[in-house]
Amino acid sequence: DDQIERERSSQRLSGGCCALAAIYLMGKFYVANAGDSRAIIIRNGEIIPMSREFTPETERQRLQFLAFLRPELLGKEFTHLEFPRRIQPKELGRKMLYRDQNMNGWSYKKIEEDDLKFPLIYGEGKKARVMATIGVTRGLGDHDLKVFSSNIHIKPFLSCFPEVRVYDLTQYEHCPDDVLVLGTDGLWDVTNDKEVAGVVMEVLTSYEPNDPCRYTMVAQELVVRSRGVLKERGWRLANDKLGSGDDISVFVIPLGGPGNYT
């Protein structure tokens, strides 16, 4: 991240990206995630999460705590407190539910002038944003990102540090159908863990265990099913819901060696 900052002018790098990495070392898989990509292990049909997404919702307390410690980062436009909805000026003096950096649940407070400011975190699910600007809270780059039409920088709230999870391959007997799946948010936006596991098992069983193409075909099928089919109303999934409009990248990595099944 520091290197991107140093080279952003000479390399003309103005944006940012998420990162998901898997490293095999001395019998263990180390999976590092910074962003909203996801990794899961499918072992004997069981789903084992190997990462979690970092979004304004999942990192709410970290973001609010930083804003509480350094209120100057919010300019004069934002509040670090969260409310169930935007507050109207006519509601000054009334009581409303709120929560801060120390709270998992909600409590009541009397609405003051500062509470009318735009919340640091606004929206739910994929629509949640930090300062109404960005929906991912960890990654690389975005050093020059500012709130629209302002001089408020977003970068202080974005972390480049990944969360690392470790999986010990030596603790289990793995067959050729046990895999590690890495996917960008374009996959997980429309396909959940259970559906991914179903596609993995469906495609793998249609190929011989020693066929090296079987894992590539699983990845391809996951991309195709998540994108959907182009119709008059856009890309549609098999259930006629909207397909993923985001980039979809998928890796399927076998955990066990080739087998000899009949």
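Predicted, not measured: the structure shown is a model, and the values here were computed from it.

This part covers the sheet that holds strand E13 (residues 163-168). Each strand in a sheet pairs with another by means of backbone hydrogen bonds, the pair being arranged parallel or else antiparallel. What the three strands build is an open sheet, ordered E2-E3-E13; its pairing is antiparallel. Each having just a single partner strand, strand E2 (19-25) and E13 make up the two edges of the open sheet. The average angle at which neighbouring strand axes cross in this sheet is 15 degrees, direction not considered. Note: E2 against strand E3 (residues 28-34), seven bridges, orientation antiparallel.

Another point: the UniProt feature "domain: PPM-type phosphatase" (unreviewed entry) in the protein chain. Sequence positions flagged by UniProt for "domain: PPM-type phosphatase" (unreviewed entry) are, in local numbering, residues 1-255. Here residues 1-255 is 18% helix and 26% strand, with 31 Å between the C-alpha atoms at its ends.

It is worth spelling out the packing of helix H4 (residues 193-204) against helix H5 (residues 213-227) at this point. Packing of H4 against H5 leaves a shortest axis separation of 9 Å and a crossing angle of 135 degrees. As judged from the angle between their axes, H4 and H5 are oblique. As for the relative orientation of H4 and H5, their crossing is right-handed in sense. Contacts from Val-196, Val-199, Val-200, Glu-202, Val-203 and Leu-204 in H4 reach Arg-214, Tyr-215, Met-217, Val-218, Glu-221, Leu-222 and Arg-225 in H5.

Within the secondary structure, Glu-82 sits in the loop between strand E6 (78-79) and strand E7 (95-98). Here the side chain of Glu-82 touches Arg-99 through a polar contact of 2.8 Å, side chain to side chain. Once residues lying within four places of it in the same chain are set aside, the contact partners of Glu-82 are Arg-60, Gln-64, Leu-97, Tyr-98, Arg-99 and Trp-106.

This paragraph deals with the domain arrangement of the protein chain. Partitioning the protein chain into domains gives domain 1 (1-52 + 162-254) and domain 2 (59-141). Centre-to-centre, using C-alpha coordinates, domain 1 lies 32 Å away from domain 2. Counting residues at the interface gives 13 residues for domain 1, matched by six residues for domain 2. For the pair domain 1 and domain 2, the summed buried area comes to about 800 Å², and 56% of that belongs to carbon and sulfur atoms. At the surface where domain 1 touches domain 2, the tally comes to three salt bridges. Here Asp-189 makes a salt bridge to Lys-126, at a shortest N to O gap of 3.3 Å. The tally of links from domain 1 across to domain 2 stands at four residue pairs in polar contact (both at pLDDT 80 or more).

Cut-off values and rules
Residues numbered from 1 in each chain as written. Predicted model: local features only at pLDDT ≥ 70, side-chain atom pairs only at ≥ 80, totals over all residues. Heavy atoms only, no water. Pairing = 2+ DSSP bridges. Helix = DSSP H or I, 4+ residues; strand = E, 2+ residues; numbered from the N terminus. Axes fitted to C-alpha atoms, helices over the stretch in contact; angles between N-to-C directions. UniProt positions renumbered as here; feature names shortened; annotations may be inferred. Parallel < 35°, antiparallel > 145°, perpendicular 65-115°, else oblique. Left-handed = near helix turned anticlockwise from the far one by under 90°. Contact = heavy atoms within 4.5 Å. Polar contact = N/O pair within 3.5 Å; in protein donor to acceptor, adjacent residues only side chain to side chain. Domains from an automatic or database assignment. Buried area = accessible area lost by both parts, 1.4 Å probe. Salt bridge = Lys/Arg side-chain N within 4 Å of Asp/Glu carboxyl O.

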